[in-house]
Amino acid sequence: MSQGQEYRLHERLAADTISLGRSGLCDIRLMNDQTWPWVILVPAFAGIREIYELDSEQQHLLIQESSALSRGMMEVFGGDKMNVAALGNMVPQLHLHHIVRFEGDPAWPGPVWGKQPAVPYDESTLAEVLRSLAPVLSELGVS
């Protein structure tokens, strides 16, 4: 399976996120919830549900991209903890959540899922977050 060939973003991810572009391996998406800095990496391959379904080179690249994204998000947002998860219970397409957590945030120390309804970005807050993420995305080679 080659990158981009037959790849289609799951409709739920498309509805809940904002495109940040493409890295060497992934479709990069911002969760449309301003409660937490929350970016999702979606390997751009059709039919992949689990990390082990990627070949060794793709797995290595995914870990590199995830680590660079995590490091960059923590530098930009100054969180207390970076949560990285690939659950896939609601959306079967492989995707990795990267969520900057803060002690005292609305879900701390529990998981963010189901804690409260999403608070969509307004135009100015979205513009600010996009400016903040620009150097991180540049490091990932986002196009």
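In what follows, the structure referred to is the one given above.
Since this is a predicted model, take the numbers as computed values, not measurements.

A. The environment of V39, seen in detail. Inspection of the secondary structure assignment puts V39 in strand 3 (residues 38–43). With relative accessibility at 1%, the residue V39 sits in the buried group. Through-space distance from the C-alpha of V39 to that of P92 is 17 Å; in sequence the pair is 53 residues apart. Residues in contact with V39, not counting those within four places in the same chain, are L20, I28, R29, L30, L69, M73, L96, H97, H98 and L133.

B. Looking closely at the packing of aromatic side chains. Counted by the stated rule, this structure contains two aromatic pairs. Ring centres of W36 and W38 lie 6.3 Å apart, and the angle between their planes is 75°; this geometry places the pair in the edge-to-face category. Here W36 and W38 have matching classes, each one buried. With a centroid separation of 5.9 Å and 85° between ring planes, the pair formed by W38 and W113 is classed as edge-to-face. In this pair, W38 sits in strand 3 while W113 sits in the loop between strand 5 (96–101) and helix 3 (123–139), placing the two residues 75 residues apart along the sequence. Aromatic rings pair up to connect W36, W38 and W113 into one cluster.

C. Layout of the nonpolar core. The biggest cluster of nonpolar side chains holds 25 residues, and the ones touching the most others in it are I28, L30, V39 and L133. When residues of this core are traced back to their parent elements, those giving at least two are strand 2 (26–31), strand 3, helix 2 (56–77), strand 5 and helix 3. In terms of residue count, helix 3 provides more of this core than any other element does, five residues in total. L9, M31, I40 and V112 belong to the second largest nonpolar core, which has 13 residues in total.

D. Layout of the packing of helix 2 against helix 3. Following both chains from N to C, one finds helix 2 and helix 3 inclined at 145°, their axes separated by 9 Å at the closest point. Classified by chirality, the crossing of helix 3 by helix 2 is right-handed. Between helix 2, through A68, L69, R71, G72, M73, V76 and F77, and helix 3, the contact on the second element is made entirely by V129, S132, L133, V136 and E139. Taken together, the residues that form the contact of helix 2 with helix 3 break down as eight nonpolar, two polar and two charged.

E. The sheet that holds strand 3, seen in detail. Pairing in this open sheet of five strands is antiparallel, and the strands run 1-2-3-5-4 from one edge to the other. Each edge of the sheet is formed by a strand with only one pairing partner; in this case those strands are strand 1 (17–22) and strand 4 (81–85). This sheet shows a mean twist of 20° between the axes of neighbouring strands, independent of strand direction. Here strand 2 runs beside strand 3; their pairing, made up of five bridges, is antiparallel. In the sheet register, I28 faces strand 3, and the bridge partner there is L41. Along the sheet, helix 2 makes contact with strand 2, strand 3, strand 4 and strand 5, crossing strand 5 at roughly 20°.

F. The arrangement of the environment of G88 in detail. Note that G88 resides in the loop between strand 4 and strand 5. The spatial distance from the C-alpha of G88 to the C-alpha of E50 is 8.6 Å, given a sequence separation of 38 residues.

G. Looking closely at the environment of P37. Position of P37 among the secondary structure elements: in the loop between strand 2 and strand 3. If we ignore the near neighbours within four places in the chain, the residues touching P37 are M73, F77, H98, I99, V100 and F102.

Conventions adopted
- Residues numbered from 1 in each chain as written.
- Predicted model: local features only at pLDDT ≥ 70, side-chain atom pairs only at ≥ 80, totals over all residues.
- Heavy atoms only, no water.
- Helix = DSSP H or I, 4+ residues; strand = E, 2+ residues; numbered from the N terminus.
- Buried < 20%, exposed > 50% of the residue type's maximum accessible area, 1.4 Å probe, protein only.
- Contact = heavy atoms within 4.5 Å.
- Phe/Tyr/Trp six-rings, centres within 6.5 Å; stacked < 30°, edge-to-face > 60°.
- Core = buried A, V, L, I, M, F, W, Y, C linked by side-chain atoms within 4.5 Å.
- Axes fitted to C-alpha atoms, helices over the stretch in contact; angles between N-to-C directions.
- Left-handed = near helix turned anticlockwise from the far one by under 90°.
- Nonpolar A, V, L, I, M, F, W, Y, C, P; charged D, E, K, R; others polar.
- Pairing = 2+ DSSP bridges.

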